[in-house]
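Structural overview
Chain by chain, the residues run as shown.
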Amino acid sequence: MNTKPMLTAVAAALFSLGACVSAQAADLSTCTTCHSNITKAHAGAAHKDIACTSCHSGVDQHLKKVTDRPTVNMDPATCGGCHQAQYKSLYKDDGRAARQSKKAPNGPAPDPFFDRALGAHGFTVEHDLPRAHVWMAIDQFIVDRAFGGRFEPKDGWLYATLDGGKSYKVWDVLKDNYPDNNAQKVHKPGTAAAANAVCWSCKSTDVMMDWAYLGDKVEGAQFSRSSNPVDVVRKVNHAINCNFCHDPHTAQPRVVRDALIDAVTRDDKSVPNVYRDVAAHPTKLDVKDVGVRGFTRKIAYMDKADSNLMCAQCHVEYICNPGFDAKTGAKIGFDSRLTNHFPFVNADEIEQYYDKIGFRDFKHNLTGAALVKMQHPDTETYFGSTHDKAGATCATCHMPKVKDEKTGKMYTVHWATSPRHYMQETCLTCHKDKTAEQMNKAIDAMKGHYDGKVREAEARMNDMFNAFELAIASGVDEKTLDEARKLHSSAHINWEYWTAVNGAYFHNPEEAQRSLAKSAKAASDATALLRKAIAAKASAKAGK
């Protein structure tokens, strides 16, 4: 095989991005002295002809003074120089307008119920539908609940007119209205300052070199779970870097999200784990400590690409904030690893899991129940589903192989979008006797049925809230209220799981129906309990 044309193309692409490609031997000779583990793997891998200086700058100074660390180029555009089709598709815009509220009447969590159910939690300030990956850092930094209005687009609402197809540097688009301070507080009315230092982990890998395993506060690591979030995100400039899933030295598939690595390697058999117990086709992982700066950092390498785990770095239920112990009432702060934690269990076991570890996020402002704030447990929901058992992965439906219109070659599209955009390459590869129109009808039917079950659970919870209001006003005793609060906690977690998750009506409709039925029953049981106590109270008062 003649590799010279390919190497010439690689070199040209990298030079066009300002990268420097030199012969392997010349470039690696000095690096090998200290980084033999990396250079050995690099020498026999797909990226063997890519020089260290393509991604690392300040190497000359580092060679003179080892404590002067070289910088690492985290810009996905560097990878895009060679992998153009994958790069452009990864940052494709899905067309959804910015800042579309989930609480809108036609949204997945409409008001007024959502605000009532969340009981003044920070997500009531602004809870938006997700957009494409290209916007994930920009949108998170400016959402009203995150940084109190500190960050804003430089061009105002015109930022929403930006096109996809490339990665955007956050600080080319946004501005810091208060550059003279790092106070994480409410700067503008109608906002909240709920973001913390762990939040960056699912948005970018820009600061991972300065972050110890699980965000522990250790010597040598610039940032930790307790760091000021403003300081952290000022160092974040790229969304969903390629090195989340691909090792830059070898191109080997991997995951870097520390809480996921912790979740899949937990060996306590008494605690459920969806990857160990439910996933139909788990992949073997090789976890390595790659920390060379005096503290532990871990990366999990795969023997084959597993998009389920790659996506699970972010598309999971997680804890990334302080809370309290439901058993003791004690505060749980950033000194605890629970503030950077993936339960990694599905809806059938999520309630029992949180009861076991005792963690709760907040107390409801009406009922006083200790509640969990759910995030987006997409991966856990999918594991064990009909399609998982059939061998389909996240990539099967969301990142199919398509033909490049320019080159005619097949590649994996990285636009992680709805399979409705690629029905021929996704659904119809298995359902060969159907048409795209027929499959869309089936999907719409699944969603319609699912939406009805969500609204049913919300109706029963509304009855419960009404009963709580009357019970508290009637002076119902604390013992009865505590029993009802436990039922509220169950109703809440089995409802909010399904407003937080993405695409649940398709990923696992059977599990959704089971869990939402639990929610409706728990809420109805709480209502009946409280109404009985209210009636007894009224009867006793009438008999006096």
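The protein carries the name nitrite reductase (cytochrome; ammonia-forming) in an unreviewed UniProt entry, which gives Sutterella wadsworthensis HGA0223 as its organism. The Subcellular location (unreviewed entry) comment attached to the protein in UniProt states, word for word, "Cell envelope". If you open the UniProt record of the protein and go to Sequence similarities (unreviewed entry), you find "Belongs to the cytochrome c-552 family."

We now examine the sheet that holds strand E7 (residues 298-302). Pairing between the strands of a sheet is mediated by backbone hydrogen bonds and can be parallel or antiparallel. Across the sheet, which stays open at both edges, the 3 strands sit in the order E5-E7-E6 with antiparallel pairing between neighbours. The open sheet has two free edges, formed respectively by strand E5 (254-255) and strand E6 (285-289), since each of these has just one partner strand. Of the strand pairs in this sheet, E6 and E7 are connected by 5 bridges, and their pairing is antiparallel. Looking at the pairing, Asp-286 lines up with Tyr-301 of E7.

For the rest of this paragraph, the subject is the pattern of salt bridges. Scanning the model with the defined rule gives 30 salt bridges in all. Between Arg-99 and Glu-126 there is a salt bridge, with its nearest N and O atoms 2.9 Å apart. Taken together, the residues Arg-99 in the loop between helix H6 (84-90) and helix H7 (113-118) and Glu-126 in the loop between H7 and helix H8 (136-142) connect sequence positions 27 residues apart. Taking the relative accessible area as the measure of exposure, Arg-99 reaches 25% and is therefore partly exposed. Asp-216 is the partner of Arg-225 in a salt bridge, and the nearest nitrogen-oxygen pair spans 2.7 Å. Grouping residues by exposure puts Arg-225 and Asp-216 together as buried. Each of Arg-99, Glu-126 and Asp-144 takes part in salt bridges that share partners, so that together they form one network.

Quick look at the sheet that holds strand E9 (residues 331-332) now. Reading across the sheet, the 3 strands line up as E9-E8-E10 and stay open at both edges, with antiparallel pairing between neighbours. In this open sheet, the two strands that pair with only one neighbour each are E9 and strand E10 (359-360). Where strand E8 (residues 323-325) and E10 come together, 2 bridges link them in antiparallel fashion. Along E10, the bridge assignment pairs Asp-325 with Phe-359.

Applying the stated criterion to the full structure yields 19 aromatic pairs. A ring pair is formed by Phe-113 and Trp-495, whose centres lie 5.2 Å apart and whose planes are at 90 degrees; its orientation type is edge-to-face. Placement of Phe-113 in helix H7 and of Trp-495 in helix H20 (residues 478-500) is noted, with a sequence separation of 382 residues between them. The two residues Phe-113 and Trp-495 agree in class, both being buried. Both rings, one in Phe-141 and one in Phe-147, keep their centres 6.1 Å apart while their planes meet at 85 degrees; by these two values the pair is edge-to-face. Following the ring pairs from residue to residue traces out a cluster consisting of Phe-113, Phe-114, Phe-465 and Trp-495. It is Lys-298 that lies over the ring of Tyr-213; its NZ or CZ is 4.4 Å from the centre.

Each value, and the rule that gives it
Residues numbered from 1 in each chain as written. Predicted model: local features only at pLDDT ≥ 70, side-chain atom pairs only at ≥ 80, totals over all residues. Heavy atoms only, no water. UniProt positions renumbered as here; feature names shortened; annotations may be inferred. Pairing = 2+ DSSP bridges. Helix = DSSP H or I, 4+ residues; strand = E, 2+ residues; numbered from the N terminus. Salt bridge = Lys/Arg side-chain N within 4 Å of Asp/Glu carboxyl O. Buried < 20%, exposed > 50% of the residue type's maximum accessible area, 1.4 Å probe, protein only. Phe/Tyr/Trp six-rings, centres within 6.5 Å; stacked < 30°, edge-to-face > 60°. Lys NZ or Arg CZ within 6 Å of the ring centre and 35° of its normal.

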